[in-house]
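# A structural walkthrough
The residues making up each chain are set out below.
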Amino acid sequence: RLTDWQSQANTAMTRERVKMMRHTLLAMRTEAAEFITHDLRTPLAAARTWLQTVVDERLPTESQTALREAELQVRDAFDLSELYLSVLRAEFLPASALQRLDLGALTDDLCESLSPPTTSRIGLTRDTEIGVDVIGNARLLTRALTALLNHAFARAPTGTTVHVHVARAQGGSMDEVQVSVADGGGSLSLQTRMRLYQCHASGAARGVSPLGLVARVARLHQARIRIDSPPAGGSTVTLCFKPAR
């Protein structure tokens, strides 16, 4: 009886420690999210706006170059803060934040608003099936698909096209909603593919990267990641979701 009582007491204490650790982690996450949202992004946005306004053609060329470089660095810092914030939201998203949504319509709207860099002469085409529903978070999915598209834009050679495809795949035991992004760049390195798969499998990665965010969001939505990257070049990253019932 004494052994049973001690075992029950130890179990109860372990549960309390787990609750306290979870509470601490949630508090740290909230504090980090508030810091990024208010204390970091606000001054970065203000600095970026100010730098854009002070560039004047009457300034010496060296000054214009320095100001544009500073604006670029501030923009990169702002984008990185957005990335960290998205990762925090993905790791601690409550179940109540997931809802039924049309992945085809969401992707189509994103492609309508997102354009490749104007200097790259890269095209963007899409083939999106409307009415394919999944259970997910629209904000995180939009952020992950944006990261995936920007990654494809950066890889695609000048004059080529990035293609987005969304459809419900059925046949045999397969019943999935698939969204894929294909580019004409070189084959993805084995290291990049392994890092993406490892992040998806474990939910952790060193640092934060756009593809790391994609993997984390996919994991949150219980979606599979498939990478087709033949040696001849070009790569297609596909996220495979369970359809909403």
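Residue numbers run consecutively from 1 along every chain, following the written order of its sequence. In view of the model being predicted, local features appear only for residues whose pLDDT reaches at least 70, and side-chain atom pairs are presented and counted only at 80 or more, with totals across whole chains, interfaces and linings using the full set of residues. Side-chain numbers here rest on the full set of heavy atoms in the structure, without hydrogens or water.

### Concerning empty space enclosed by the protein
Residues are called lining when one of their atoms sits within 4 Å of a cavity or pocket point, these points coming from a 1 Å grid over the protein atoms alone, where a cavity is a set in which a 1.4 Å probe fits but cannot get out and a pocket is an open set with protein on both sides within 12 Å along at least five of seven lines. Grid points are joined across faces, edges and corners, and a volume is the space filled by probe spheres set on the points. A complete count under the given rule lists one cavity of 30 Å³ or more for this structure. Quantified by volume, the largest cavity comes out at close to 40 Å³. Every residue lining the largest cavity is listed: Leu148, His151, Ala152, Val181, Asp183, Ser235 and Val237. Put simply, DSSP marks the helices as runs of H or I at least four residues long and the strands as runs of E at least two long, and each gets a number from the N terminus on. If you tally residues by element for the lining of the largest cavity, the top one is helix 4 (residues 138-155), at three residues. Amino acids outside the nonpolar list (Ala, Val, Leu, Ile, Met, Phe, Trp, Tyr, Cys, Pro) and the charged list (Asp, Glu, Lys, Arg) are all regarded as polar, and Gly is one of them. Tallied by class, the residues present in the lining of the largest cavity amount to four nonpolar, two polar and one charged.

### Here we look at the side chain of Thr238
Within the secondary structure, Thr238 sits in strand 7 (residues 235-241). According to the relative accessible area criterion, Thr238 is buried, its value standing at 1%. Between two residues, a contact is recorded if the distance between any of their heavy atoms is within 4.5 Å. Contacts of Thr238, omitting those with residues within four sequence positions, involve Gln178, Val179, Ser180, Arg224, Ile225 and Arg226. The rule is simple: take the accessible area with a 1.4 Å probe, protein chains only, and divide by the maximum for that residue type; under 20% is buried, over 50% is exposed, in between is partly exposed.

### A short note on the confidence of the model for the protein
Fine structural detail should not be taken from predicted coordinates in areas where pLDDT scores are low. The predictor attaches a confidence to each residue, and that confidence, scored 0 to 100, is pLDDT. Overall, the predicted model of the protein reaches an average pLDDT of 79, with 81% of residues at or above 70. Looking across the protein, the model is least confident in helix 5 (residues 190-202), with a mean pLDDT of 69, and most confident in strand 1 (residues 99-102), with 94.

### Regarding the environment of Ala244
Summarising the element assignment, Ala244 is placed in the segment after strand 7. Taking the relative accessible area as the measure of exposure, Ala244 reaches 9% and is therefore buried.

### Examining the pattern of salt bridges
For salt bridges, the criterion is a side-chain nitrogen of Lys or Arg within 4 Å of an Asp or Glu carboxyl oxygen. By the definition in use, this model includes eight salt bridges. Linking Arg126 and Glu112 is a salt bridge whose minimum nitrogen-to-oxygen distance equals 2.6 Å. Taken together, the residues span a long stretch of sequence, with Arg126 in strand 2 (residues 123-128) and Glu112 in helix 3 (residues 103-113) at a distance of 14 residues. Since its relative accessible area comes to 34%, Arg126 is described here as partly exposed. When the shortest N-O distance is used, the salt bridge between Glu176 and Arg224 registers 2.9 Å.

### Considerations on helix 3
Of the residues making up helix 3, those classed as buried are Leu103, Gly104, Leu106, Thr107, Leu110 and Cys111. Mapping the buried residues of helix 3 onto a view down its axis gives an arc of 165 degrees, with all of them on the same face. Along helix 3, the residues that are exposed and aim more than 90 degrees away from the buried face are Asp109, Glu112 and Ser113. By construction, the arc corresponds to the directions joining the helix axis to the C-beta atoms.

### A short note on the sheet that holds strand 5 (residues 174-183)
Strand pairing in a sheet relies on backbone hydrogen bonds. The paired strands run either parallel or antiparallel. With mixed pairing, five strands are arranged side by side in an open sheet as 2-4-5-7-6. Edge strands, defined here as strands with exactly one partner in the open sheet, are strand 2 and strand 6 (224-228). The sheet shows a mean angle of 15 degrees between the axes of neighbouring strands, taken without regard to direction. When strand 5 meets strand 7, the two strands line up antiparallel, connected through seven bridges. Looking across to strand 7, one finds that Gln178 is bridged to Cys240. Every axis in this analysis is a line fitted to C-alpha atoms, fitted for helices over the stretch in contact. Angles between the N-to-C directions lie between 0 and 180 degrees. On the sheet, helix 4 packs against strand 2, strand 4 (161-171), strand 5 and strand 7 and is oriented at approximately 40 degrees with respect to strand 5. Strands qualify as paired when DSSP identifies two bridges or more between them.

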